[in-house]
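Observations on chain architecture
Residue strings, one per chain:
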Amino acid sequence: MKLVFAGTPEVAVPALDALISSGRHEVAAVVTRPDAPAGRGRRLVASPVAERAEEAGIEVLKPARPRDEDFLARLREIAPDCCPVVAYGALLPKTALDIPARGWVNLHFSLLPAWRGAAPVQHAVMAGDEVTGASTFLIEEGLDSGPVYGVLTEEVRPTDTSGDLLTRLAFAGSGLLAATMDGIEDGTLHAVPQPEEGVTLAPKITVEDAQVQWSAPALRVDRVVRGCTPAPGAWTLFRGERLKLIQAVPVLDRADLAPGELSASKNNVYVGTGSHAVELLWVQPQGKKPMRAADWARGVRIAPGELIGV
């Protein structure tokens, strides 16, 4: 088939690579978000997908909005058979959905109908799911509600951050998306409607969502920290400034600290929660680089009984 691939961040690159290297389909063009300011200089930088496409000599389309007539006209000229999508980052209007003969097929990082929305992997980690996965489905106008072509499953490991899990799903999912394109092309794969039961939503995780509540149980604190790593980053307040929490683990044999109460020794930093304590392993003070929590604690000289999160 002639394909137009839509995607933006680094997590979409493995799928693009899989389609380019498959040898069975032609990736005629790539659709991605416009260049965005990045770094201290805030200069405009192309998306990872755009960079990979340019390396491969593939035409790159960067519409400000997918409903822009210039973009739609070019898409009609290319006349793709199918448009595979991975984390494109914009809603597709019906005028765009109707152009490819076999539709737009999304690789979504959950076992649909669970975790429909922008942040399925983060929500899976924060909810304590033991198993998640990826699904390919035909995009409709509803939110991730279209019929499903294929799925794969992936274990959520006890120490997984959302970044760890998303990386594994991106590479495993690239094979699923390529196989889905093959099955659509040869007629062996047919989309199956999603069940009406089991729908859960995964909206974007905000900075406010990532604030750790020390009155919650230690297990919840652990899930929030892992689910919000690397983005948007779990955080708390310490002496009026934000402290980013990069790694923290529950300590099940210590329950002598009040919620938010700090206890530091030469090599360890503990914080009380609504149940057991958690040990802070890596933190990032405001305006500084990540550091071991014990080094941070020595620098700030924590007072006995001092609280965090207030």
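Since the model is a prediction, treat every value here as computed from it, not as a measurement.

1. Some points on the UniProt feature "binding site: (6S)-5,6,7,8-tetrahydrofolate" (unreviewed entry) in the chain
- Here the UniProt-annotated "binding site: (6S)-5,6,7,8-tetrahydrofolate" (unreviewed entry) positions come out as Ser 110, Leu 111, Leu 112 and Pro 113.
- Mapped onto the secondary structure, Ser 110 falls in the loop between β7 (104-108) and α5 (120-127).
- Beyond its immediate stretch of four places on either side in the chain, Ser 110 contacts Trp 115, Pro 120, Thr 132, Gly 133, Ala 134 and Ser 135.
- Within polar-contact distance, the side chain of Ser 110 engages the backbone oxygen of Trp 115 at 3.5 Å.
- Inspection of the secondary structure puts Leu 111 in the loop between β7 and α5.
- Once you skip the residues sitting within four places of it in the chain, Leu 111 turns out to touch Val 131, Thr 132, Gly 133, Ala 134, Ser 135, Val 151, Leu 152 and Thr 153.

2. Things to note about the UniProt feature "domain: Formyl transferase C-terminal" (unreviewed entry) in the chain
- The sites that UniProt annotates as "domain: Formyl transferase C-terminal" (unreviewed entry) are residues 204-300.
- Helix and strand shares over residues 204-300 are 19% and 34% respectively, and the end C-alpha atoms of the span are 34 Å apart.

3. Comments concerning the packing of helix α1 (residues 13-21) against helix α2 (residues 48-55)
- At a minimum axis distance of 9 Å, the contact between α1 and α2 shows a crossing angle of 25 degrees. The orientation of α1 relative to α2 falls into the category roughly parallel. Remark: the crossing between α1 and α2 carries right-handed chirality. The segment α1 lies against α2, with Val 13, Leu 16, Asp 17 and Ile 20 engaging Pro 48, Val 49, Arg 52 and Ala 53.
- When grouped by side-chain class, the residues that make up the contact of α1 with α2 number 6 nonpolar, no polar and 2 charged.

4. Regarding the packing of aromatic side chains
- Applying the stated criterion to the full structure yields 1 aromatic pair.
- For the ring pair Phe 238 and Trp 296, a centre distance of 5.0 Å and an interplane angle of 70 degrees mean the geometry is edge-to-face. Placement of Phe 238 in strand β10 (residues 234-238) and of Trp 296 in helix α8 (residues 293-300) is noted, with a sequence separation of 58 residues between them. The pair Phe 238 / Trp 296 is uniform in exposure class, with both members buried.
- The aromatic ring of Trp 235 is capped on one face by Arg 242, whose charged end is 4.0 Å from the ring centroid.

5. A word on unusual backbone geometry
- Here the bond from Leu 112 into Pro 113 is cis, since omega is 15 degrees, no more than 30 degrees from zero.
- Residues Ala 231 and Pro 232 are joined by a peptide bond in cis, for which omega reads 0 degrees.
- With respect to the secondary-structure elements, Pro 232 resides in the loop between α7 (218-227) and β10.
- For Ala 79, which is not glycine, the phi torsion reads 55 degrees and is therefore positive.
- The topology assignment puts Ala 79 in the loop between α3 (69-78) and β6 (83-86).
- Residues other than glycine seldom take positive phi values, yet Trp 115 does so here, at roughly 55 degrees.
- Note on placement: Trp 115 falls in the loop between β7 and α5.
- A relative accessible area of 14% means that Trp 115 is categorised as buried.

6. So, α2
- Of the residues making up α2, those classed as buried are Val 49, Ala 50 and Ala 53. Looking down the long axis of α2, one finds its buried residues gathered within 100 degrees of arc, a one-sided arrangement.
- Against the buried residues of α2 lie β1 (2-7), α1, β2 (26-31) and β5 (59-61).
- Directly after α2, the chain includes Gly 57, whose backbone phi takes a positive value near 75 degrees.

7. Remarks on the side chain of Ser 263
- As for its placement among the helices and strands, Ser 263 is situated in strand β12 (residues 262-264).
- Separated by 3.2 Å, the side chains of Ser 263 and Arg 254 make a polar contact.
- Sequence-distant contacts of Ser 263, defined by excluding residues within four places in its chain, comprise Arg 254, Leu 257, Asn 268, Val 269 and Tyr 270.

8. Notes on the sheet that holds strand β8 (residues 131-138)
- Taken in spatial order, the 7 strands make up an open sheet running β5-β2-β1-β6-β7-β8-β9, and their pairing is mixed. Each edge of the sheet is formed by a strand with only one pairing partner; in this case those strands are β5 and β9 (148-155). Along the sheet, successive strands turn relative to each other by an average axial angle of 20 degrees, direction set aside.
- Two strands pair when backbone bridges link them, and β1 and β6 are joined in this way by 2 bridges, in the parallel orientation. Note on β6: the bridge partner recorded for Gly 7 is Val 86.

Reading guide: rules and limits
Residues numbered from 1 in each chain as written. Predicted model: local features only at pLDDT ≥ 70, side-chain atom pairs only at ≥ 80, totals over all residues. Heavy atoms only, no water. UniProt positions renumbered as here; feature names shortened; annotations may be inferred. Helix = DSSP H or I, 4+ residues; strand = E, 2+ residues; numbered from the N terminus. Contact = heavy atoms within 4.5 Å. Polar contact = N/O pair within 3.5 Å; in protein donor to acceptor, adjacent residues only side chain to side chain. Axes fitted to C-alpha atoms, helices over the stretch in contact; angles between N-to-C directions. Parallel < 35°, antiparallel > 145°, perpendicular 65-115°, else oblique. Left-handed = near helix turned anticlockwise from the far one by under 90°. Nonpolar A, V, L, I, M, F, W, Y, C, P; charged D, E, K, R; others polar. Phe/Tyr/Trp six-rings, centres within 6.5 Å; stacked < 30°, edge-to-face > 60°. Buried < 20%, exposed > 50% of the residue type's maximum accessible area, 1.4 Å probe, protein only. Lys NZ or Arg CZ within 6 Å of the ring centre and 35° of its normal. Arc of directions from axis to C-beta. Pairing = 2+ DSSP bridges.

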